[in-house]
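# A look at the structure
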Amino acid sequence: MFMVTKMQETTLQALLTGAHHDYGKELSVHAFFKVPNQTMSEDLVQDTFMKTWSYLLKGGKIDVMKAFLYHVLNHLIIDEYRKHKTISLD
């Protein structure tokens, strides 16, 4: 299991905080146009950053932060639609 030092964790926090500052609003707008309401879109963006944080703590490497965040968010949106998918009785 990969363990990060306190210094590495501080660096990762700064990286993710910067990404949230740079991309948080546009991720929210993107999510809002894909899901039914504002609250759900904000939750999905929050989940995106939480999953990204977990990935970084496990030693994951991100080359392009913006692309990575959109990738995670789009998968969360798809998962959300799958949860609410209706089953046809035909």
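These remarks concern the structure in this document. What you see is a predicted model, and the numbers here were worked out from it, not measured in a lab.

Calculation rules
Residues numbered from 1 in each chain as written. Predicted model: local features only at pLDDT ≥ 70, side-chain atom pairs only at ≥ 80, totals over all residues. Heavy atoms only, no water. Salt bridge = Lys/Arg side-chain N within 4 Å of Asp/Glu carboxyl O. Buried < 20%, exposed > 50% of the residue type's maximum accessible area, 1.4 Å probe, protein only. Helix = DSSP H or I, 4+ residues; strand = E, 2+ residues; numbered from the N terminus. Bend = angle between axes of the 7 residues up to and from the residue. Contact = heavy atoms within 4.5 Å. Patch = residues over 30% accessible without salt bridge, like charges linked within 9 Å, V, L, I, M, F, W, Y side chains within 5 Å. Areas by Shrake-Rupley, 256 points an atom, 1.4 Å probe, with all protein chains shown as cover.

### Brief notes about the pattern of salt bridges
This structure, assessed with the given rule, holds four salt bridges. Taking the shortest distance from any N to any O, the salt bridge between lysine 61 and aspartate 63 comes out at 2.5 Å. Across this residue pair, the class does not change: lysine 61 and aspartate 63 are exposed. Residue glutamate 80 is joined to lysine 83 by a salt bridge in which the shortest nitrogen-to-oxygen separation is 3.4 Å. Of the two residues, glutamate 80 and lysine 83 are both situated in helix α3 (residues 65–83); the distance of three residues between them amounts to about one turn of the helix. For lysine 83, a relative accessible area of 61% corresponds to the exposed category.

### Structural notes on helix α1 (residues 6–32)
Where α1 bends most, at tyrosine 23, the angle is about 55°. Three or more residues of α1 are buried, namely Leu12, Leu16, Ala19, Gly24, Leu27 and Ala31. Tucked inside the fold, the buried residues of α1 contact α2 (38–57) and α3.

### Quick word on a nonpolar patch on the surface
Residues Val29, Phe32 and Phe33 make up a contiguous nonpolar surface patch of about 320 Å² in total accessible area. Mapped onto the elements of the fold, phenylalanine 32 is located in helix α1. The exposure class of phenylalanine 32 is partly exposed, given its relative accessible area of 37%.

Distances and angles like these do not, on their own, reveal function.
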